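Residue-level listing of the chains:
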Amino acid sequence: QAQLVESGGGLVQAGGSLRLSCSASERIFSINAMGWYRQVPGKQRELVAKITRGGTTNYADSVKGRFTISRDNAKKAVYLQINSLKPEDTGVYYCVKIGWSDEVLSWGQGTQVTVSS
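First, a word on scope: everything that follows refers to the structure included in this document. Just so you know, these numbers come straight off a predicted model, no measurement behind them. (Residues numbered from 1 in each chain as written. Predicted model: local features only at pLDDT ≥ 70, side-chain atom pairs only at ≥ 80, totals over all residues. Heavy atoms only, no water.)

### Some points on the packing of aromatic side chains
On inspection of all chains with the given rule, the structure shows three aromatic pairs. With 4.9 Å between their ring centres and 55° between their planes, Y37 and W107 make a pair best called tilted. Separated by 70 residues along the polypeptide, Y37 in strand β4 (residues 33-39) and W107 in strand β10 (residues 104-107) bring together distant segments of the chain. The class for W107 is partly exposed, based on a relative accessible area of 36%. (Phe/Tyr/Trp six-rings, centres within 6.5 Å; stacked < 30°, edge-to-face > 60°. Helix = DSSP H or I, 4+ residues; strand = E, 2+ residues; numbered from the N terminus. Buried < 20%, exposed > 50% of the residue type's maximum accessible area, 1.4 Å probe, protein only.)

The structure is reproduced here in structure tokens:
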């Protein structure tokens, strides 16, 4: 099972930016897809961004135009660039490994993002 370690979270003012990083313990080249979920207080975990092995990206409607997911297969890393942060983006962000049936195979431990107004 892949070990996923996130970093890059923190406290930022509304309108600011953050770049989240996810380091994988195994080669991610052969993995179907990688993604980022977020857990907002009082709500279910939500898949906010996904990137396939071929580089195709998908985003939740709530983050389109502000979030950008990317991957570096050589570094076994996945990134989430978050711009124009809003207070409602506050939550814990999890890096995930996604299987061929879109099931989540592995979760990272999460990184906290807090956006102040």
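### Describing the nonpolar core
Counting residues in hydrophobic clusters, the biggest one holds 24 residues, and the most contacted among them are W36, L80 and Y93. With four residues, strand β3 (residues 18-24) is the single largest residue contributor to this core. Not counting the four nearest positions on each side in its chain, Y93 is found in contact with E6, L20, W36, Y37, R38, F67, L80, I82, G110, T111 and V113. Counting residues in hydrophobic clusters, the runner-up holds five residues, among them A33, Y37, V96 and I98. (Core = buried A, V, L, I, M, F, W, Y, C linked by side-chain atoms within 4.5 Å. Contact = heavy atoms within 4.5 Å.)

### Digging into the state of the cysteines
Think of a disulfide as a covalent bridge from one cysteine sulfur atom to another cysteine sulfur atom. Evaluation of the coordinates by the stated rule reveals one disulfide. Bridging C22 to C95, the disulfide has an S-S length of 2.1 Å. The chirality of the disulfide connecting C22 with C95 is left-handed, given an S-S dihedral of about -75°. You can see C22 sitting in strand β3 and its partner C95 sitting in strand β9 (residues 91-98), a full 73 residues away along the chain. Taken individually, C22 and C95 each receive the classification buried, so the pair is uniform in this respect. (Disulfide = S-S within 2.5 Å.)

### Description of the sheet that holds β3
If you walk across this open sheet you meet the four strands as β1-β3-β8-β7, and the pairing is antiparallel. Both outer strands of the open sheet, β1 (4-7) and β7 (67-72), are each paired with one neighbouring strand and no more. For this sheet the average axis-to-axis angle between neighbouring strands, irrespective of direction, equals 15°. Note: β3 against strand β8 (residues 77-82), six bridges, orientation antiparallel. Its bridge partner lying in β8, C22 is registered against V78. (Pairing = 2+ DSSP bridges. Axes fitted to C-alpha atoms, helices over the stretch in contact; angles between N-to-C directions.)

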